[in-house]
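# Architecture at a glance
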Amino acid sequence: MFALLSNTADAGNQKEEAMADGVRIALSRAITDPRPPIPQFAGIDERLEYLHWLGEMSDRLYKKLPDRQIRLEFLRTTWYEARRAGLDPALVLGLIQVESAFRKYAVSPVGAHGYMQVMPFWTRVIGDGDRSKLFHMQTNLRFGCSILRMYLDMERGDLYLALGRYNGSRGRPEYPNAVLAAWKKWEHQRAPITSVVAETGAERK
């Protein structure tokens, strides 16, 4: 079990390691991009698909995040930051489930913070050094998604090894297997466009 029931989490433990200047600069730019998490859509079908995803995930997250406004803000931001980093939002939701059980203020025994259990050293390496910002929703999700993207690139697309790096357990199966299993549970059940159109309460609850 990776996440405890209290505000303590036994999860993320990324290791500080040598990093090329180009990678550090790219990461720093990624996490300081000031643009708000406003989704852009190529057409109406893409927007309707997003609204259906938002409604479905809102229903499924209700018990974990009962406050509607917080839940929708969390989902909109997760979708935005995942897509921005070239990740599947379902993968990110699965990782968050394993890392923190959707607890904003979770802290692991090794000091990892927030939803995506980001180690504080990252704020020094690619941020402004203020670790308290890791409890800010968008900041935490942006750091986590950007770091996972970096690990995926380092591992040449091997998600299993990238997840191991994210957890500080590269080469061991427990953590990647847990995230991959959780990912499947958060996969979006795509609906026909006609049913999405009829579902005008896509952001219900």
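Keep in mind that what you see is a predicted model, and the values were worked out from it rather than measured.

## Concerning the pattern of salt bridges
- Counting across every chain of the model gives nine salt bridges.
- Lys-133 is the partner of Asp-128 in a salt bridge, and the nearest nitrogen-oxygen pair spans 2.3 Å.
- A residue is classified by how much of its surface remains accessible, and Lys-133, at 38% relative accessible area, is partly exposed.
- Between Arg-149 and Asp-153 there is a salt bridge, with the nearest N and O atoms lying 3.2 Å from each other.

## Considerations on unusual backbone geometry
- Phi at Ala-101 takes a positive value of approximately 55 degrees, unusual for a residue other than glycine.
- By the secondary structure assignment, Ala-101 is in the loop between helix H4 (89–100) and helix H5 (121–125).
- One non-glycine residue with positive phi stands out, namely Arg-156, at about 55 degrees.
- Mapping Arg-156 onto the fold places it in the loop between helix H6 (137–154) and helix H7 (159–167).

## Things to note about the packing of H4 against H7
- Where H4 contacts H7, the axes come no closer than 13 Å and their chain directions differ by 40 degrees. Helix-helix and strand crossings are classified by hand; for H4 and H7 the assignment is right-handed. Of the residues in H7, those in contact with Leu-91, Leu-95 and Glu-99 of H4 are Leu-159, Leu-163, Tyr-166 and Asn-167.
- For the contact of H4 with H7, the residue count by class is five nonpolar, one polar and one charged.

## Here's the deal with H7
- Within the sequence span of H7, burial applies to Leu-159, Ala-162, Leu-163, Gly-164, Tyr-166 and Asn-167.
- The inward-facing, buried residues of H7 contact H4, H6 and helix H8 (174–185).
- The backbone nitrogen of Tyr-160 has a side-chain oxygen 3.1 Å away, supplied by the residue at the start of H7, namely Asp-158.
- Once H7 ends, the next one or two residues include Gly-168, with phi positive near 75 degrees.

## Looking at the environment of Tyr-115
- With respect to the helices and strands, the residue Tyr-115 is situated in the loop between H4 and H5.
- Considered as a pair, Tyr-115 and Leu-141 are 26 residues apart in the sequence and their alpha carbons are 7.2 Å apart.
- For Tyr-115, the residues in contact, after removing those within four places along its chain, are Phe-74, Ile-96, Glu-99, Ser-100, Phe-102, Arg-103, Lys-104, Met-137, Asn-140 and Leu-141.

## Observations concerning the confidence of the model for the protein
- When the pLDDT values of the protein are averaged, the result is 86; 86% of them are 70 or greater.
- Mean pLDDT across the elements of the protein ranges from a minimum in helix H9 (residues 193–198), with 40, to a maximum in H4, with 97.
- Confidence drops under pLDDT 50 across residues 1–10; counting only partners more than four residues distant or on other chains, this segment forms 33 contacts.
- Below pLDDT 50 for its whole length, residues 192–205 participates in 25 contacts with residues either more than four positions away or in separate chains.

## Some details on the nonpolar core
- Formed by 52 residues in total, the largest nonpolar core has its most connected members in Phe-74, Met-116, Trp-122 and Tyr-166.
- Breaking this core down by element, the ones donating at least two residues are helix H1 (21–32), helix H2 (44–61), helix H3 (68–84), H4, H5, H6, H7 and H8.
- Residue contributions to this core peak at nine residues, all from H6.
- Once residues within four sequence positions are removed from consideration, Trp-122 is found in contact with Gln-14, Met-19, Leu-27, Gly-127, Phe-143, Ile-147, Met-150 and Tyr-151.

Reading the values: the criteria
Residues numbered from 1 in each chain as written. Predicted model: local features only at pLDDT ≥ 70, side-chain atom pairs only at ≥ 80, totals over all residues. Heavy atoms only, no water. Salt bridge = Lys/Arg side-chain N within 4 Å of Asp/Glu carboxyl O. Buried < 20%, exposed > 50% of the residue type's maximum accessible area, 1.4 Å probe, protein only. Helix = DSSP H or I, 4+ residues; strand = E, 2+ residues; numbered from the N terminus. Axes fitted to C-alpha atoms, helices over the stretch in contact; angles between N-to-C directions. Left-handed = near helix turned anticlockwise from the far one by under 90°. Contact = heavy atoms within 4.5 Å. Nonpolar A, V, L, I, M, F, W, Y, C, P; charged D, E, K, R; others polar. Polar contact = N/O pair within 3.5 Å; in protein donor to acceptor, adjacent residues only side chain to side chain. pLDDT = per-residue confidence, 0-100. Core = buried A, V, L, I, M, F, W, Y, C linked by side-chain atoms within 4.5 Å.

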